[in-house]
Amino acid sequence: MLEPQARADSPLRVALIGAPNCGKTSLFNALTGANQRVGNYSGVTVERKIGQAVTPAGVPLTVVDLPGTYSLRARSPDEVVTRDVILGRRKDVGQIDLLMVVADATHLRPGLRLAQELRACGIPILVVLNMIDIARHRGIEIDLEVLERSLGLPVAASTAVRRGGMDALWGRLGGLIGQGLPARGAMTWEAPSAAQLRAALRQADQLIAHAVHKPVAPRSLTEKVDAVVLNPFAGPMILLVLMFAMFQAVFAGAAPLMEAIGAMIDWLSGAVSALLPEGLLRGLIVDGAIAGVGSVVVFLPQIVILFGFILILEDLGYMARAAFLMDRIMGHAGLHGRAFIPLLSSFACAVPGIMSARVIDDRRDRLTTILIAPLMTCSARIPVYTLLIGAFVPARSIGPGIGLQGLVMFGLFAAGVISALLVAFVSRMLLRRNEIAAPLMLDLPDYKIPQMRGVLLGLWQRARAFLRRAGTIIFYASVVVWVLSTFPFPPEGATEPAINYSFAAMIGHLLEPILSPIGFSWQICVALVPGMAAREVAVAGLSTVYAVSGGETALGAELAANWSLATGVSLLVWYIFAPQCLSTLAVIRRETGQARWMWVSVVYMFGLAYICSFIAYHVMRALGG
Ligand SMILES: Nc1nc2c(ncn2[C@@H]2O[C@H](COP(=O)(O)OP(=O)(O)OP(=O)(O)O)[C@@H](O)[C@H]2O)c(=O)[nH]1
Ligand SMILES: [Mg+2]
């Protein structure tokens, strides 16, 4: 018997384990008050997460959230994390005192089978039937007592995402801990064979037949909707229209908000200018910091609108359908079906995207996914794209409700996806021939009404990450660019603008011979160098170089006046490909365990960027741009 008091200094360790998408992270958040990411598709969690909770009786608990898995027979790196934690092989977690085996109440089979398998680990088990709200709604009746008796394990039901949905689980958990958990058994787990797995599934079916009563279901809403959404013709059309509408909304919806933020920044630089005497300090604050950070912050509305769309579609369950629809195309390009999730997260940022490639078991498939993830259009490109589109693409309507600028933005995102598929195709040719990629084994989740709280939380996290970058790396880079473009001062009697005598101009002129064949002026070179650290820095750099403050329109007008259209297009194309993000390179190195793959991606992405920009520049020039 384990006395809770005896462990008061080191709390009981409870691990959440279960099949993918059964709501483990939602339970973790509900138990601990944490805000870990959830999403309505498998493979959201790829690392263990630890949090603290307290039972109603005041006993402290350490709760561990784990990546979803069907068995401890780990195949992919995320499943290895789960196995190692359960088997007590992870020093950072230590021995687990209680396993909460989470099962989806609407689909009990995998969860019950896993619970049976886990008995062999000797750790006390509590089975949690989560999403009991959905099961009840569908008229599925589960007799908890019968299930408990036939399983021989304690069972509790929960609704992780509703207020009060945790009461029964807390009660049961508190009771178990209060009585003292049963003593640990011997650890006899061995990887089950395929025949054992099949037998265990039959056993789970028997348990379900005993304890669960399912109404003869009429065709569920999910099935009816899927008949259209997954239709081979209508499905891809719907996907395309949705994505298209998303980018239209990004442009149309963001404009007034951007103007408001731009006006605020103008006001701020006006106020600071009025306060400070003309001189270096004022230059540093107004032309360096405020202009640089402000030029990036104005793009916040676009980030919020874009991710509002994506998060709602994710939680609705639509993104899993999108994965299903894309699977054939991705398969032709030699991508593993499970690559969809990492590539989808890369739209926010390639760093978590590359980390979630851990859900892919095959090493080479995983490597291909890691190498192409940075080609997905991450949110750091949005400021650059929006700035250049605003400067060079007229805000014209080309049909009812279709704006040209939104269309170009859609095109740039599509270009990222298409080039990623092409690179995957080529790398498949290089890495191995003719082998068909593994098909997608994805359980399509039921559609659910998106949880507003979760969506808002996701948006808040995205917005905070964006603003944090503006306040740190972009701030520092703006100051550095300002210093470089201010010193040394021009000589007495100089006729040209002061910046032409600065360090920035010297660096720019040094690089110009390399980048002038693709149409970049020395000013662009100045912005690109700090832009190697992070993409948005280039926008801040340009605004410092052109010494304009107060939002995107002013800077856009300045660029339109100074650059040819061919240069603008060439820079846009450069940004589709160029590997301008140190954190991405660092994470490629870490996740592949080899510096070699980092260098491979640097070289191939710069190569593509240079070649494609060169072609774009010269084609535009030939067309008279
Ligand atoms: N209605 C309802 N929805 C739930 C419940 N628990 C979780 N969800 C939803 O189910 C989806 C999956 O939840 P997650 O917590 O991400 O699932 P997970 O088991 O951590 O998934 P992986 O990390 O991918 O293995 C999300 O859309 C949640 O909002 C519940 O009790 N009731
Ligand atoms: Mg999770």
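One structure accompanies this document, and this report is about it. This structure is a prediction, so every number in the text was calculated from the model and none was measured.

Quick look at the overall build of the chain
A count of helical and extended segments in the chain gives 25 helices and 8 strands. Against the 2.2 N^0.38 benchmark of 25 Å for 625 residues, the chain shows a C-alpha radius of gyration of 28 Å, consistent with a compact globule. Principal-axis analysis of the C-alpha atoms gives the chain an extent of 95 × 55 × 45 Å. Within the span of the chain, comprising 625 residues, buried residues form 53% of the whole.

Looking at the sheet that holds strand 3 (residues 60-65)
Read across the sheet, 6 strands follow the order 2-3-1-4-5-7 without closing on themselves; strand pairing throughout is mixed. If you trace the sheet from one side to the other, it starts and ends with strand 2 (49-54) and strand 7 (155-157), each paired once. Sheet twist, expressed as the average angle between the axes of neighbouring strands with direction ignored, equals 25°. Here 6 bridges tie strand 2 to strand 3, and the two strands are oriented antiparallel to one another. Looking at the pairing, V54 lines up with P60 of strand 3. Together, strand 1 (12-18), strand 4 (98-104) and strand 5 (125-130) form the strand contacts of helix 3 (residues 109-118), whose direction differs from that of strand 4 by roughly 160°.

Quick word on the site of ligand 1
Neighbouring residues of ligand 1: 26 residues in total, closest K24, T25, S26, V44 and T45. Between ligand 1 and C22 there is a distance of 3.2 Å, counted from an oxygen atom to a backbone nitrogen or oxygen. K24 has a polar side-chain atom sitting 2.6 Å from an oxygen atom of ligand 1. Notes on ligand 1: free accessible area 660 Å², of which the protein chains cover 98%. Elements that contribute at least two residues to the shell around ligand 1 include exactly helix 1 (24-32) and helix 4 (132-137). For the shell around ligand 1, the per-class residue count stands at 9 nonpolar, 13 polar and 4 charged.

As for the pattern of salt bridges
Once the charged atoms of two side chains with opposite charge are near each other, the side chains can pair. The full count for this structure, using the stated rule, is 16 salt bridges. For D446, the salt bridge is made with R138, and the minimal N-O distance between the two is 2.0 Å. Taken together, the positions of D446 in the loop between helix 17 (404-431) and helix 18 (452-486) and R138 in the loop between helix 4 and strand 6 (141-142) put the pair 308 residues apart, joining distant regions of the chain. Taking the shortest distance from any N to any O, the salt bridge between E591 and R590 comes out at 3.4 Å. Beyond isolated ion pairs, a larger network of salt bridges with shared partners links E47, R48, R90, D92, R358, R366, R590 and E591.

Focus on the side chain of T69
Inspection of the secondary structure assignment puts T69 in the loop between strand 3 and helix 2 (77-86). There is a polar contact of 2.6 Å between the side chain of T69 and the backbone oxygen of S71. In this structure, T69 is in contact with I17, G18, A19, P20, E79, T82 and L114, ignoring residues within four places of it in sequence.

A look at unusual backbone geometry
A cis geometry characterises the amide bond from F487 onward to P488, with omega recorded as -15°. On the secondary structure map, P488 appears in the loop between helix 18 and helix 19 (503-515). Backbone geometry places N21, a non-glycine residue, at a positive phi of 65°. Its place among the elements puts N21 in the loop between strand 1 and helix 1. In this structure, M131 is a non-glycine residue whose phi angle is positive, near 60°.

Section: the nonpolar core
Membership of the largest hydrophobic core comes to 114 residues, with the highest contact counts inside it found for L306, L559, W563, L571 and W574. Not counting the four nearest positions on each side in its chain, L559 is found in contact with L387, L388, A391, F392, L542 and Y546. If you look at the next biggest cluster of nonpolar residues, it comprises 39 residues, including V64, L99, A103 and V155.

Analysis parameters
Residues numbered from 1 in each chain as written. Chains lettered and ligands numbered in written order. Predicted model: local features only at pLDDT ≥ 70, side-chain atom pairs only at ≥ 80, totals over all residues. Heavy atoms only, no water. Helix = DSSP H or I, 4+ residues; strand = E, 2+ residues; numbered from the N terminus. Rg over C-alpha atoms; globule rule 2.2 N^0.38 Å. Buried < 20%, exposed > 50% of the residue type's maximum accessible area, 1.4 Å probe, protein only. Pairing = 2+ DSSP bridges. Axes fitted to C-alpha atoms, helices over the stretch in contact; angles between N-to-C directions. Contact = heavy atoms within 4.5 Å. Near = heavy atom within 4 Å. Polar contact = N/O pair within 3.5 Å; in protein donor to acceptor, adjacent residues only side chain to side chain. Areas by Shrake-Rupley, 256 points an atom, 1.4 Å probe, with all protein chains shown as cover. Nonpolar A, V, L, I, M, F, W, Y, C, P; charged D, E, K, R; others polar. Salt bridge = Lys/Arg side-chain N within 4 Å of Asp/Glu carboxyl O. Core = buried A, V, L, I, M, F, W, Y, C linked by side-chain atoms within 4.5 Å.

Worth remembering: the numbers are spatial, not functional.
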